[in-house]
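Structural overview
Residue-level listing of the chains:
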Amino acid sequence: MRVVRPEFLPDPALSREEMETLQRDLAAAATFEDDLGFDPAAVGVETPIPTDEVIVGGDETGRQAPLDADGPADAPVVAGVDQAFLEERAVSAVVAIRDGTVVESAHAVTDLEIPYVPGLLAFREGRPIIAALEALATEPDLLVVDGSGRIHFRQAGIATHVGVLVDVPAVGVAKNLLCGEPARSLEGKLPAGERVPILADDSVDAPAGTVIGHAYQSRQYDSGSRHVNPLYVSPGHRVGAGTATDLVAACCAGYKLPEPTRLADHAADAVKRAVRG
């Protein structure tokens, strides 16, 4: 993959004010409506994908050869993106799947240049993710990124930032709600499949009441007092809020996380272990 909007590359040398201005410009360039280039109904994973289908290497160069995989050639390729960390380095992993089968994995191990600042994640982790995407020979039709998209103070979470940089439809899947207001309470045990709109409030640079994503309950315990917390799904680029949640739901196959990011999480951890030795 390659960057097509280099003017939005995250630069850690910018001041905080300059970073926030760049994010607002990037959000204005993003499209939060469906412009997918494929039928959303063609995305789906029926059963969990074995993690041993993901082949990772132990070096830091990143490129892995595309794997042999069956499946319809016209089925969309969905790539999951996740990271692990080694002291002040990021291990960024990308796993591309098509029709429920892994077709390629790639990774990059790069230095982290700024500390974590809420709302400025892309300036810490964006370039490591881009390095991994540039190591991917396969061209994905959709990116599923571990992190927020439009559910962000300036509507420019890491899924939006990455999606605009490479101009590929992107969805953010976060484990915690960064900002915005659920349309109804999320307290208690939401049933599997439930989705609750997340609305823009005064913490978000969007008109109040705008649906910027959903709390999505991907799975839930059938009985007992334990419960699974929802995921927070938001459009990153070239996808609307409703379709973003539909796509994530279609990629879930029994685990809390959708298969693309579940496999990317596994790959990042495997590379981390290999690099650490």
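Look above for the structure.
Remember, it's a predicted structure, so these values are computed and weren't measured experimentally.

1. A word on empty space enclosed by the protein
A full pass over the atoms with the stated rule returns 2 cavities of 30 Å³ or more. The volume enclosed by the largest cavity comes to roughly 70 Å³. For the largest cavity, the full set of lining residues is Ala42, Val43, Gly44, Val45, Ala75, Pro76, Val78, Ile97, Arg98, Asp99, Gly100 and Cys251. Of the residues assigned to the lining of the largest cavity, the class counts are 8 nonpolar, 2 polar and 2 charged. Approximately 40 Å³ is the volume found for the second largest cavity. What lines the second largest cavity is simply Pro10, Pro12, Asp111, Glu113, Ala122, Phe123, Arg124, Gly126, Arg127 and Pro128. Considering each element in turn, the lining of the second largest cavity owes the most residues, 6 residues, to helix H2 (residues 121-134). Its residues placed into classes, the lining of the second largest cavity shows 5 nonpolar, 1 polar and 4 charged.

2. Structural notes on the packing of H2 against helix H3 (residues 158-166)
What describes two packed helices is the angle between their axes and the distance between those same axes. In the contact formed by H2 and H3, the axes pass within 10 Å of each other and the chain directions differ by 45°. The orientation of H2 with respect to H3, classified from their angle, is oblique. Once H2 is placed against H3, the crossing between them reads as right-handed. Packed against H2, whose contacting residues are Leu121, Ala122, Phe123, Glu125, Gly126, Ile129, Ile130 and Leu133, the element H3 presents Ile158, His161, Val162, Leu165 and Val166 at the interface. Of the residues assigned to the contact of H2 with H3, the class counts are 10 nonpolar, 2 polar and 1 charged.

3. Let's talk about the layout of surface pockets
Approximately 470 Å³ is the volume found for the largest pocket. Around the largest pocket sit 26 residues that line it, and Leu121, Asp146, Gly147, Ser148 and Ala174 are the ones nearest its centre. Taken together, the elements giving at least two residues each to the lining of the largest pocket come down to strand S1 (77-86), H2, strand S4 (142-146) and strand S5 (170-174). Here the lining of the largest pocket is composed, by residue class, of 14 nonpolar, 8 polar and 4 charged.

4. Looking at a negative patch on the surface
Together, Asp11, Glu17, Glu18, Glu87, Glu88, Asp111 and Glu113 make up a region of like negative charge exposed at the surface. Position of Asp111 among the secondary structure elements: in strand S3 (residues 101-111).

5. A short note on helix H5 (residues 259-276)
Between its first and last C-alpha atoms H5 spans 26 Å; for 18 residues at 1.5 Å apiece the expected length is 26 Å, and the two agree. Contact partners of the buried residues in H5: S1, strand S2 (89-98), S3, S4 and helix H4 (241-251).

6. Concerning unusual backbone geometry
In the Ramachandran plot, Gln155 falls in the positive-phi region, its phi being about 60° despite a non-glycine side chain. Structurally, the position occupied by Gln155 is in the loop between S4 and H3.

7. So, the pattern of salt bridges
The full count for this structure, using the stated rule, is 10 salt bridges. For the salt bridge of Arg16 with Glu20, the shortest nitrogen-to-oxygen distance reads 3.2 Å. Here Arg16 and its partner Glu20 are both found in helix H1 (residues 16-29), 4 residues apart, which amounts to about one turn of the helix. Classification of Arg16 by relative accessible area gives partly exposed; the value is 48%. Overlapping salt bridges, with partners in common, bring together Arg16, Glu20 and Arg154 in one network.

Cut-offs applied
- Residues numbered from 1 in each chain as written.
- Predicted model: local features only at pLDDT ≥ 70, side-chain atom pairs only at ≥ 80, totals over all residues.
- Heavy atoms only, no water.
- 1 Å grid on protein atoms, 1.4 Å probe; cavity = no way out; pocket = protein on both sides within 12 Å on 5 of 7 lines; lining within 4 Å.
- Points joined across faces, edges and corners; volume = space filled by probe spheres on them.
- Nonpolar A, V, L, I, M, F, W, Y, C, P; charged D, E, K, R; others polar.
- Helix = DSSP H or I, 4+ residues; strand = E, 2+ residues; numbered from the N terminus.
- Axes fitted to C-alpha atoms, helices over the stretch in contact; angles between N-to-C directions.
- Parallel < 35°, antiparallel > 145°, perpendicular 65-115°, else oblique.
- Left-handed = near helix turned anticlockwise from the far one by under 90°.
- Contact = heavy atoms within 4.5 Å.
- Patch = residues over 30% accessible without salt bridge, like charges linked within 9 Å, V, L, I, M, F, W, Y side chains within 5 Å.
- Areas by Shrake-Rupley, 256 points an atom, 1.4 Å probe, with all protein chains shown as cover.
- Salt bridge = Lys/Arg side-chain N within 4 Å of Asp/Glu carboxyl O.
- Lys, Arg positive; Asp, Glu negative; His and termini not counted.
- Charge placed at Lys NZ, Arg CZ, Asp CG, Glu CD.
- Expected span 1.5 Å × (residues − 1).
- Buried < 20%, exposed > 50% of the residue type's maximum accessible area, 1.4 Å probe, protein only.

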